[in-house]
Amino acid sequence: MIRTMATATNTLSQLQNQIDVIGNNLANSSTHGYKASQANFHELLYQQFNNDKADAAPRQSPPGIRYGAGAVLGAAQMNWKVGSLQMTGRELDFALTEPKQYFNILAPGEGGEQTIYTRQGNFYISPMDNGQVMLVTGDGYPVANSAGLPILFADDATGYSVRTGGILEVRHTDGTVEAIEMGITVMERPNLMTRLSAANFGLPENLADLGVTQQDVLTELQGDARNRIGMENQALEASNVNMQKEMTDLIAVQRSYQFNARAVTLADQMLGLINGIR
């Protein structure tokens, strides 16, 4: 009975973690550029119990019983499918239409400025002191160009559009059009990335311990490779959370939680009966 209680207790804590994953997906179902997470269970170490093979009464059952110690939640995997496009009619809204392509964002880090990656393309204009403006995210972080520098242009801009190759075109009052290459990176191995927030990702700190380099994980689109960039203007990518699937998974997890909680209760009752034997 004690082993039964330990097995059920181990599984209960992991089921709670899965509920947290599902809850996070549901909470971000309206977050632009959000990618849903999915976690699967793996069996914990199990023990082999060999059946008694007495000569007087040989058993007809299988030669052994494998008894596990519960289940553990495996590493969460990201769903990298492209979400549906939502047309906004706003000139500074951009949606990437190819999977695993991300905008480059400059954000503060422990060792100084670092590059993070997002598909949340609702950008804004932040005025500077020198008659220029900077393209920033909703959090105020600069959007990087293909050279890894903040995107800056004169503050007399009258319109914005994007063309093939991830080129941002800025129209000015004098009729000139400025072309700026937006920094776009492909995540070759996205499941190695660290989720920094709902829609932002960064390189893991232990990249060397994983046996890979930054070049193995990320590919910056430069030169002819920029023709691979798929971008839609005046649109945003919606979350790829499947509400029906998440609710179905939530019901299944709740049923599993109830089953394991009941197992703990029954084991406790059986121990009480044994302790009450005189």
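Residues numbered from 1 in each chain as written. Predicted model: local features only at pLDDT ≥ 70, side-chain atom pairs only at ≥ 80, totals over all residues. Heavy atoms only, no water.

- The name recorded for the chain in an unreviewed UniProt entry is Flagellar hook-basal body protein, from Sporosarcina soli.
- Listed under Sequence similarities (unreviewed entry) in UniProt, the entry text for the chain is "Belongs to the flagella basal body rod proteins family."
- According to UniProt, the comment filed for the chain under the heading Subcellular location (unreviewed entry) is "Bacterial flagellum basal body". (UniProt positions renumbered as here; feature names shortened; annotations may be inferred.)

1. Here we look at the UniProt feature "domain: Flagellar basal body rod protein N-terminal" (unreviewed entry) in the chain
Here is step 1: Following the UniProt record, the feature "domain: Flagellar basal body rod protein N-terminal" (unreviewed entry) maps to residues 5-35 here.
Here is step 2: Taken end to end, residues 5-35 is 74% helix and 0% strand, and its first and last C-alpha atoms sit 36 Å apart. (Helix = DSSP H or I, 4+ residues; strand = E, 2+ residues; numbered from the N terminus.)

2. Re the sheet that holds strand 19 (residues 200-202)
Within a beta sheet, neighbouring strands are joined by backbone hydrogen bonds and run either parallel or antiparallel to one another.
Here is step 1: What the six strands build is an open sheet, ordered 18-19-10-9-17-20; its pairing is antiparallel. This sheet does not close on itself; its edge strands, each paired only once, are strand 18 (194-195) and strand 20 (218-220).
Here is step 2: As paired strands, strand 9 (residues 101-109) and strand 10 (residues 112-118) are joined by seven bridges and run antiparallel to one another. Bridge pairing links L106 to T115 in strand 10. (Pairing = 2+ DSSP bridges.)

3. Focus on the packing of aromatic side chains
Here is step 1: Tallying each qualifying case throughout the model produces six aromatic pairs.
Here is step 2: Ring centres of F103 and F123 lie 5.1 Å apart, and the angle between their planes is 80°; on these two criteria the pair is classed as edge-to-face. Placement of F103 in strand 9 and of F123 in the loop between strand 10 and strand 11 (124-127) is noted, with a sequence separation of 20 residues between them.
Here is step 3: Using a relative accessible area of 0% as the deciding quantity, one classes F103 as buried.
Here is step 4: Feature note: the residues W80, Y102 and F201 constitute an aromatic cluster, connected by ring pairs.
Here is step 5: Sitting over the face of the ring of Y124, R90 holds its NZ or CZ atom 4.4 Å from the ring centroid. (Phe/Tyr/Trp six-rings, centres within 6.5 Å; stacked < 30°, edge-to-face > 60°. Buried < 20%, exposed > 50% of the residue type's maximum accessible area, 1.4 Å probe, protein only. Lys NZ or Arg CZ within 6 Å of the ring centre and 35° of its normal.)

4. Remarks on helix 3 (residues 243-275)
Here is step 1: Taking 1.5 Å as the rise per residue, helix 3 with 33 residues should run 48 Å; its terminal C-alpha atoms sit 48 Å apart, in good agreement.
Here is step 2: Of all the residues in helix 3, the buried ones are E246, L250, V253, N260, A263, V264 and A267.
Here is step 3: Structurally, the start of helix 3 carries an N-cap: the backbone nitrogen of Q244 is 3.1 Å from a side-chain oxygen of N242. (Expected span 1.5 Å × (residues − 1). Polar contact = N/O pair within 3.5 Å; in protein donor to acceptor, adjacent residues only side chain to side chain.)

5. Here's the deal with unusual backbone geometry
Here is step 1: You will see that K100, though not glycine, has its phi angle at about 70°, which is positive.
Here is step 2: As for its position among the elements, K100 is in the loop between strand 8 (94-96) and strand 9.
Here is step 3: Judged by relative accessible area, which is 32%, K100 ranks as partly exposed.
Here is step 4: You will see that Q234, though not glycine, has its phi angle at about 60°, which is positive.
Here is step 5: Looking at where Q234 falls in the secondary structure, it is placed in the loop between strand 21 (231-233) and strand 22 (235-237).
Here is step 6: Judged by its relative accessible area of 30%, Q234 falls in the partly exposed class.

6. What about the pairing of strand 15 (residues 167-172)?
Here is step 1: In the sheet, strand 14 (residues 157-163) pairs with strand 15 via six bridges, with the strands oriented antiparallel. Counterpart to R163 in the pairing with strand 15 is I167.
Here is step 2: The turn linking strand 14 back onto strand 15 is made up of three residues, and G165 within it adopts a positive phi angle of 90°.
Here is step 3: For strand 15 and strand 16 (residues 177-181), the ladder comprises five bridges, and the chain directions are antiparallel. Note on strand 16: the bridge partner recorded for I167 is E181.

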